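# Structural characterization, general
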Amino acid sequence: MSETAQQILDFLEQQGPFDELPTERLKEIAQNSQLIYLADENKQEMIEQYGRELFIIQSGQFAVKDCDGPIKHLSDGDYFNFPSLLDDVSYKLSIVVDSPGLILIVNHTYFTSAMDDPKFSRFFRASHNDELQNQAVTDANSMWLYKPLSEVVSKAPVTIAPTASIQSCAQKMKKHKVSSVLVMEEQKLIGIITDRDLRNRVVAEGLNIQFPVKQVMTENPAFLTNHKTIFDAVGKLNEFGINHLPVLDAVTGEAVGMITNTDISKQQRSNVLFIISDLSKSENLSELVDRSWQIPHFLSSSAKRAGDFDIAGKVLSQATDIMTRKLITFFQQKHGQAPMRYCWLVYGSQAREDQVMGSDQDNALLLERDPNEQEATYFEEMAGYVCMGLAKCGIKLCPGNIMASNPELRNSVDEAIKESERWVRSPTPKAMLHFNIFLDARAAAGDTSLFAKLQEARVPLFKKSMFLAALARQVNEESVPLSMFQKFVYVKNAEHKDSIDIKCSAVAIINSLVRLYALSEGLKMPATVARLKNISTASGLSDKDRNNLRDIWLFLNRLRWRHQLTNKVQDNLIRVSDLSSIEKHQLKAAFQAIHRAQQGAVLKFSGGIG
Amino acid sequence: MLDFIKKVVLGRHPIPDKFKHSRYSELPFLAIDLEFTDLDTDKAKVTSIGWIKGQNFSINLNTAHYQVVRAKGDLKQSPVIHGLTAKEIAKGSHIKEHILQLESMVDSHVWIFHNANLDIKMISKLWKLLALPPKTVTTIDTMLLQIYVLEKSQGFIPKGGVQLSSCRKYFSLPPAPEHNALDDALATLSLLYAQLYSLNKNGHMNLIELSHTRAIQTFTLGG
């Protein structure tokens with residue numbers, strides 16, 4: 001009987017996805033493999049001899065073509081020649097040895113039998129298809145939060161006319177076994193009646209049950225349109241302290257269903273969401289500040305699973321939105337209502353809802369018209385109060401002064417439109433850097449119709465090809481941290497020598513890429529995952545590309561959150577030594593895919609001129 | 001005079017003809033490592049033995065051999081380093097079995113050691129004890145080869161520069177667990193491949209052409 005060399009066993013045990021196999025299996029593989037020294041001079045002989053087996057690089061650097069795809073530059077820990085094993089097609093294997101080294105050759109029979117293990121096979125099939133093997137993303141317990149309400153709400157809502165009697169309303173609720181009814185007038189939602197209303201406003205008051213429902217309904221209730229997600233519903237239900245939320249068609253405004261707390265609690269398993277309801281209860285600045293400071297602590301103690309990391313950015317952004325709205329309310333309680341309509345805009349990560357701890361605030365005020373001196377003073381004071389308040393709540397002031405407290409960022413809608421026209425007219429690299437952040441925008445408070453008006457005007461502007469070409473060139477300026485031989489390139493002079501800036505050199509690139517495609521299609525939503533969902537195949541991104549980019553984005557985001565929460569830091573410098581073997585492979589695959597997507601975008605939008 | 005020159009050039013014993021003109025890609029290699037209880041081979045006892053075969057820049061992991069050797073007497077520190085307990089050693093097999101197996105590979109293989117002197121001394125001592133007929137074995141010593149490589153490239157030998165792990169590092173080979181006879185043998189053989197490749201990239205060189213490195217030696221076991 002032959003013996004197992006520990007160094008081969010150790011190597012396999014640290015090598016995803018072999019690490020998924022039982023030790024006995026690995027011993028068998030270790031005993032029945034070949035270890036070869038592959039150099040340029042003997043490669044032809046080796047290819048002839050081992051052309052049917054799996055190659056695992058232990059040392060050295062090689063440029064390999066092992067299928068119809070492009071040449072891959074590979075080094076230690078990488079695999080090759082598996083495509084022909086998977087497809088059972090003998091692709092011509094060609095190798096350029098850039099530096100010779102040791103290769104472990106695993107016999108194809110052992111490879112084939114290991115493919116019975118689902119995790120093992122998923123890894124190789126996904127590598128073959130250039131996909132991120134990220135089953136976990138779709139399995140994750142929080143992915144349901146990304147579902148649009150249109151997919152969740154299937155039952156038509158129970159409705160009633162405002163003139164109907166309270167009794168007939170109660171009978172209708174009994175018949176349909178529902179706890180709330182929408183009051184509709186000419187296809188428009190004008191109110192809602194719930195079990196609680198019948199108890200508090202009718203029975204407790206001894207009201208005549210023949211009165212029309214109009215008298216006891218809640219007028220102009222909060223609602224959501226059906227393209228919003230469950231997550232949005234959770235936020236709204238918590239913020240308004242309500243149990244029922246009507247869902248309207250995004251286009252026609254017709255009621256299409258109702259979503260309730262019970263619907264959500266059936267699926268909700270993550271307690272990070274309690275941050276939102278907790279913040280909503282604050283009644284003054286000091287309470288709000290106290291509760292806000294609990295957020296990092298709460299996140300690090302309760303976000304444990306990958307699924308929690310997926311929504312942590314959303315939770316934090318929603319929390320910042322709520323802080324903003326609360327602060328505006330506190331200001332107005334003291335200084336009165338605003339002298340004109342306004343909209344509080346947020347940019348960058350808060351707009352995209354992918355904030356992390358340490359994200360600074362980026363916001364602005366959009367005004368109905370140019371203010372007079374007195375009005376200007378009101379908004380100056382309000383903006384100052386809110387921005388300082390956010391800072392007190394732990395959302396750092398923006399070092400680049402992209403804040404509503406900056407007078408340049410308190411514009412009328414007309415002025416904001418003119419400004420966008422200027423950006424598009426002369427998209428110089430310097431100007432692009434300056435206004436890039438404004439391309440991900442969202443209304444967080446105030447009159448959202450002002451922002452809608454601005455967006456209407458911007459959509460055609462941002463679709464202009466010269467503008468998109470400039471954006472594409474900019475997307476290509478940043479590169480993923482991989483060397484020619486697919487080794488990680490670490491940040492120089494970082495505290496930990498194996499650090500990678502996952503924000504600048506990965507997440508931000510995807511955000512920019514996705515923004516580019518989204519703007520080219522005239523999409524208005526700022527969130528990267530939502531944009532990916534809505535980009536059409538006509539954009540030049542295939543369904544596969546979109547899904548892959550989404551998985552990669554979520555994966556990177558997870559690594560980033562896990563890094564921040566487990567290492568208790570606010571930076572984006574993830575450490576490669578913190579990653580599992582599979583994650584290292586995934587991260588490399590992610591970087592490669594990002595690089596390909598960058599090239600694709602340059603080709604599509606700027607005629608290949610990077 | 002000619003004998004003297006031959007001795008200087010070819011080492012103490014001439015390389016047997018069957019190996020002399022073989023290209024090193026054709027040579028059958030057997031990498032061996034022994035772990036002892038003591039560095040003094042007169043007093044030392046073998047605690048474990050490992051070997052593995054290779055040819056043409058390949059190592060067939062199926063040929064891996066490893067055995068703990070039964071030993072009596074004072075184990076000193078060494079077995080602790082080698083990760084063996086007295087209990088394991090007591091259960092081990094007798095050294096005779098392994099030496100007999102090695103005897104069958106004296107003529108067929110070129111033996112590879114990292115620091116051949118110590119291991120050969122030990123094997124030779126056992127050869128005598130077992131009253132085996134003396135036999136000549138051809139060896140390549142990766143430690144001596146590394147000395148040649150380092151002197152040629154750097155002109156000096158850095159401290160600790162010829163330890164097995166440092167040699168592997170020099171050729172960017174992955175780290176291997178130390179002080180296990182089989183792992184050391186495997187690490188030695190893969191190191192040899194990297195060394196041979198660096199000395200002659202096309203692999204057409206004969207063993208005799210490597211003589212100038214002084215790493216090729218022949219020894220008479222039991223002589």
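Scoring rules and cut-offs
- Residues numbered from 1 in each chain as written.
- Chains lettered and ligands numbered in written order.
- Predicted model: local features only at pLDDT ≥ 70, side-chain atom pairs only at ≥ 80, totals over all residues.
- Helix = DSSP H or I, 4+ residues; strand = E, 2+ residues; numbered from the N terminus.
- Buried ≥ 20, exposed ≤ 12 C-beta atoms within 10 Å, placed from the backbone.
- Contact = placed C-beta atoms within 7 Å.
- Arc of directions from axis to C-beta.
- Nonpolar A, V, L, I, M, F, W, Y, C, P; charged D, E, K, R; others polar.
- Pairing = 2+ DSSP bridges.
- Axes fitted to C-alpha atoms, helices over the stretch in contact; angles between N-to-C directions.
- Right-handed = clockwise from strand over helix to strand, strands pointing away.
- Parallel < 35°, antiparallel > 145°, perpendicular 65-115°, else oblique.
- Core = buried A, V, L, I, M, F, W, Y, C linked by C-beta atoms within 7 Å.
- Left-handed = near helix turned anticlockwise from the far one by under 90°.

With that settled, the discussion passes to the overall build of chain A. For chain A, the count of helices and strands is 25 helices and 20 strands. Out of the 610 residues belonging to chain A, those deemed buried represent 46%. Considering only contacts within chain A whose residues lie at least 6 apart along the sequence, 72% involve residues at least 24 apart.

Looking only at helices and strands, chain B features 9 helices and 7 strands. Going through the 223 residues of chain B one by one, you find that 44% of them count as buried. Across chain B, contacts joining residues at least 24 apart in sequence account for 73% of those joining residues at least 6 apart.

All names here are of chain B. Burial in helix α5 (residues 95–103) covers these residues: I95, H98 and L102. Seen end-on, α5 carries its buried residues on one side only, within an arc spanning 65 degrees. Summarising the geometry of α5, the exposed residues directed more than 90 degrees from the buried face are E97 and L100. Each element contacted by the buried residues of α5 is listed here: β2 (46–55), β4 (65–68) and α6 (116–129).

Each partner contributes to the interface: chain A provides 24 residues, whereas chain B provides 27 residues. Looking at the side of chain A that touches chain B, the elements that each hand over two or more residues are α1 (6–13), α2 (23–31), β1 (34–38) and β7 (101–106) of chain A. Broken down by element, the side of chain A that touches chain B gets its largest block of residues, 5 residues, from α1 of chain A. Class assignment of the residues belonging to the side of chain A that touches chain B gives a composition of 10 nonpolar, 11 polar and 3 charged.

Moving on, we get to the sheet that holds strand β4 (residues 72–74) of chain A. All names here are of chain A. Spatially, 3 strands are ordered β4-β3-β6 in an open sheet, and the strand pairing comes out antiparallel. Either end of the sheet is taken by a strand with one partner, and the two such strands are β4 and β6 (94–99). Neighbour to neighbour, the strand axes of the sheet diverge by 20 degrees on average, direction disregarded. Where strand β3 (residues 61–65) and β6 come together, 5 bridges link them in antiparallel fashion. Bridge pairing in β6 links Q61 to S99.

This part covers the pairing of strand β9 (residues 180–185) of chain A. All names here are of chain A. The pairing of strand β8 (residues 159–160) with β9 spans 2 bridges and is classified as parallel. Residue pairing in the sheet places I160 in a bridge with V183 of β9. Regarding topology, helix α9 (residues 166–176) serves as the crossover connection from β8 to the parallel β9, and that connection is right-handed. Sheet topology places β9 next to strand β10 (residues 188–194); 6 bridges connect them, and they run antiparallel.

On to the sheet that holds strand β11 (residues 218–219) of chain A. All names here are of chain A. Judged by pairing direction, the sheet is mixed, and its 4 strands sit side by side in the order β8-β9-β10-β11 without closing on themselves. Two strands in the sheet have a free side with no partner beyond their single neighbour: β8 and β11. Those strands touched by helix α10 (residues 195–203) are β10 and β11, and its axis lies near 70 degrees from that of β10.

Turning next to the packing of α5 of chain B against α6 of chain B. Residues and elements named next belong to chain B. Between α5 and α6, whose axes approach to 11 Å, the crossing angle comes to 105 degrees. When the axes of α5 and α6 are compared, the pair comes out roughly perpendicular. Counted together, I95, I99 and L102 of α5 and I123, L126 and W127 of α6 form the full contact between these two elements. Counted by class, the contact of α5 with α6 contains 6 nonpolar, no polar and no charged residues.

Ranked by size, the top nonpolar core spans 132 residues in total, and within it L345 and L366 of chain A carry the most contacts. At 11 residues, helix α15 (residues 306–335) of chain A tops the list of elements feeding residues into this core. Setting aside anything within four residues of it in sequence, one finds L366 of chain A in contact with Y342, C343, L345, N411, V413, A416, L450, F451 and L454 of chain A. Core analysis: the second largest hydrophobic core is formed by 102 residues, I59, L102, L182 and Y197 of chain B among them.

Residue and element names in this part refer to chain A. Among the structural elements, I95 can be located in strand β6. When the 22 C-beta atoms within 10 Å are taken as the criterion, I95 is described as buried. Sequence-wise, I95 and A63 are 32 residues apart; in three dimensions their C-alpha atoms are separated by 5.7 Å.

This part takes up the packing of helix α18 (residues 413–425) of chain A against helix α20 (residues 448–462) of chain A. All names here are of chain A. Packing of α18 against α20 leaves a shortest axis separation of 10 Å and a crossing angle of 20 degrees. When the axes of α18 and α20 are compared, the pair comes out roughly parallel. Along this stretch, α18 crosses α20, giving a crossing that reads as right-handed. On the side of α18, the interface is formed by V413, A416, I417, S420, E421 and V424, while α20 contributes L450, K453, L454, A457, R458 and L461. Its residues assigned to classes, the contact of α18 with α20 shows 8 nonpolar, 1 polar and 3 charged.

Another aspect to go through is the pairing of strand β1 (residues 29–36) of chain B. Residues and elements named next belong to chain B. Of all 8 residues in β1, 8 are buried; the element is thus mostly enclosed. Side chains F29, A31, D33 and E35 project from β1 onto one buried face, and the interleaved L30, I32, L34 and F36 project onto a second face that is buried too. Across 8 bridges, the pairing between β1 and β2 is antiparallel. Paired with F36 across the two strands is V46, which belongs to β2.

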